[in-house]
Amino acid sequence: MLRRPDVVKGALDLLDAEGLDGLTMRRLGTALNVRAGAMYRHFPSKEALLDAMAEQLLEGVAAPLPEASWDEQLRLLGDRLRGALLSRRDGARVVAGTYVPDANTNAAGRLAVEVLCRAGLAPEQAGWITFAMFYYVLGHTIEEQAQSRLAESDDWAARLAAAGPDESATYEKAMSALVTADPAARFAYGLDVFLDGIAQRLT
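Residues numbered from 1 in each chain as written. Predicted model: local features only at pLDDT ≥ 70, side-chain atom pairs only at ≥ 80, totals over all residues. Heavy atoms only, no water.

Looking at an unreviewed UniProt entry, one finds the chain named Putative transcriptional regulator, TetR family protein and attributed to Embleya hyalina.

Broken down by element type, the chain carries 11 helices and zero strands. Going from N to C terminus, the chain has its helices and strands arranged as α-α-α-α-α-α-α-α-α-α-α. Judged by the C-alpha coordinates and their principal axes, the chain covers about 60 × 50 × 25 Å. Split into buried and exposed, the 203 residues of the chain put 36% on the buried side. Sequence separation of 24 or more characterises 72% of the internal contacts of the chain that already satisfy a separation of 6 or more. With 21 positive and 28 negative side-chain charges, the chain shows a spacing of 8 Å between the two charge centroids. (Helix = DSSP H or I, 4+ residues; strand = E, 2+ residues; numbered from the N terminus. Buried < 20%, exposed > 50% of the residue type's maximum accessible area, 1.4 Å probe, protein only. Contact = heavy atoms within 4.5 Å. Lys, Arg positive; Asp, Glu negative; His and termini not counted. Charge placed at Lys NZ, Arg CZ, Asp CG, Glu CD.)

A few words now on the side chain of Asp-90. Its place among the elements puts Asp-90 in the loop between helix 5 (70–86) and helix 6 (91–96). Using a relative accessible area of 4% as the deciding quantity, one classes Asp-90 as buried. Leaving out residues up to four positions away in the same chain, Asp-90 has contacts with Leu-15, Gly-19, Leu-20, Gln-145 and Arg-149.

Right, let's get into the UniProt feature "domain: HTH tetR-type" (unreviewed entry) in the chain. Per the UniProt record, "domain: HTH tetR-type" (unreviewed entry) is found at residues 1–61. The straight-line gap between the two end C-alpha atoms of residues 1–61 is 31 Å; of that span, 64% is helix and 0% is strand. (UniProt positions renumbered as here; feature names shortened; annotations may be inferred.)

Empty space within the largest pocket amounts to approximately 440 Å³. Considering the residues around the largest pocket, the lining is formed by 18 residues, among which Tyr-99, Thr-105, Phe-131, Phe-134 and Tyr-135 are closest to the centre. Looking at the lining of the largest pocket, the elements with two or more residues in it are helix 6, helix 7 (103–119) and helix 8 (123–148). For the lining of the largest pocket, the residue count by class is 12 nonpolar, five polar and one charged. (1 Å grid on protein atoms, 1.4 Å probe; cavity = no way out; pocket = protein on both sides within 12 Å on 5 of 7 lines; lining within 4 Å. Points joined across faces, edges and corners; volume = space filled by probe spheres on them. Nonpolar A, V, L, I, M, F, W, Y, C, P; charged D, E, K, R; others polar.)

This part covers unusual backbone geometry. Its identity as a non-glycine residue notwithstanding, Asn-33 has a phi of 60°, on the positive side. For Asp-90, which is not glycine, the phi dihedral falls at a positive 60°.

Once that is clear, we can look at the UniProt feature "DNA-binding region" (unreviewed entry) in the chain. Following the UniProt record, the feature "DNA-binding region" (unreviewed entry) maps to residues 24–43 here. Taken end to end, residues 24–43 has its terminal C-alpha atoms 13 Å apart, with 60% of it in helix and 0% in strand.

Looking now at the packing of helix 5 against helix 8. At a minimum axis distance of 10 Å, the contact between helix 5 and helix 8 shows a crossing angle of 40°. Of the two elements, helix 5 crosses helix 8, and the hand of that crossing is right-handed. Across from Leu-74, Leu-77, Gly-78, Leu-81, Arg-82, Leu-85 and Leu-86 in helix 5, the residues of helix 8 making contact are Met-133, Phe-134, Val-137, Leu-138, Thr-141, Glu-144 and Gln-145. Considering only residue class, the contact of helix 5 with helix 8 consists of nine nonpolar, three polar and two charged. (Axes fitted to C-alpha atoms, helices over the stretch in contact; angles between N-to-C directions. Left-handed = near helix turned anticlockwise from the far one by under 90°.)

Relative orientation of the contacting elements helix 1 (residues 4–18) and helix 4 (residues 46–57) amounts to 85°, with a least axis distance of 10 Å. By the angle between their directions, the pair helix 1 and helix 4 is classed as roughly perpendicular. Within the contact between the two elements, helix 1 uses Arg-4, Val-7, Val-8, Ala-11, Leu-12 and Leu-15 and helix 4 uses Leu-49, Ala-52, Met-53, Gln-56 and Leu-57. Among the residues forming the contact of helix 1 with helix 4, the class breakdown is nine nonpolar, one polar and one charged. (Parallel < 35°, antiparallel > 145°, perpendicular 65-115°, else oblique.)

As structure tokens, then:
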């Protein structure tokens, strides 16, 4: 008998194999050796399935944080979220296209809000900042995953070189640093800048 967890696992495996654009209910049914109608008993639409996939991807992100300063805790939470999104092909695109008020998703948001409130922010501010931080992580990781799939002959650095020198040497240097940077280092720098901004608000 086909169970709901089987459908979600099969969908995530198909996501790894085909990417989000190749994930269809028909292909998933073939991969699971069932008719598409059998899956609709668990998920009335592809959107409902994507919601469940997003919820599964975020499992573990909200595990208890170690005792540390608020910024170290948020840095760890951001790293966990990025790691969860990178664990599956197009994982960031799956999560970005959903809003799932379920256990894992709520727990991650709740954890961030509680850290920020303990640091001295009002709940309203903490909610907005949590939204902004999570969407920084999502946006960066979407671009990171897209960049990773490009052939070396057509990656960002190759495209920049093919465009030729820019009229602004400063901009050219900035773009060169951007496209050749290690994605993890680039992510960490951006997250640090974000956290520095919160610190300014707190003072």
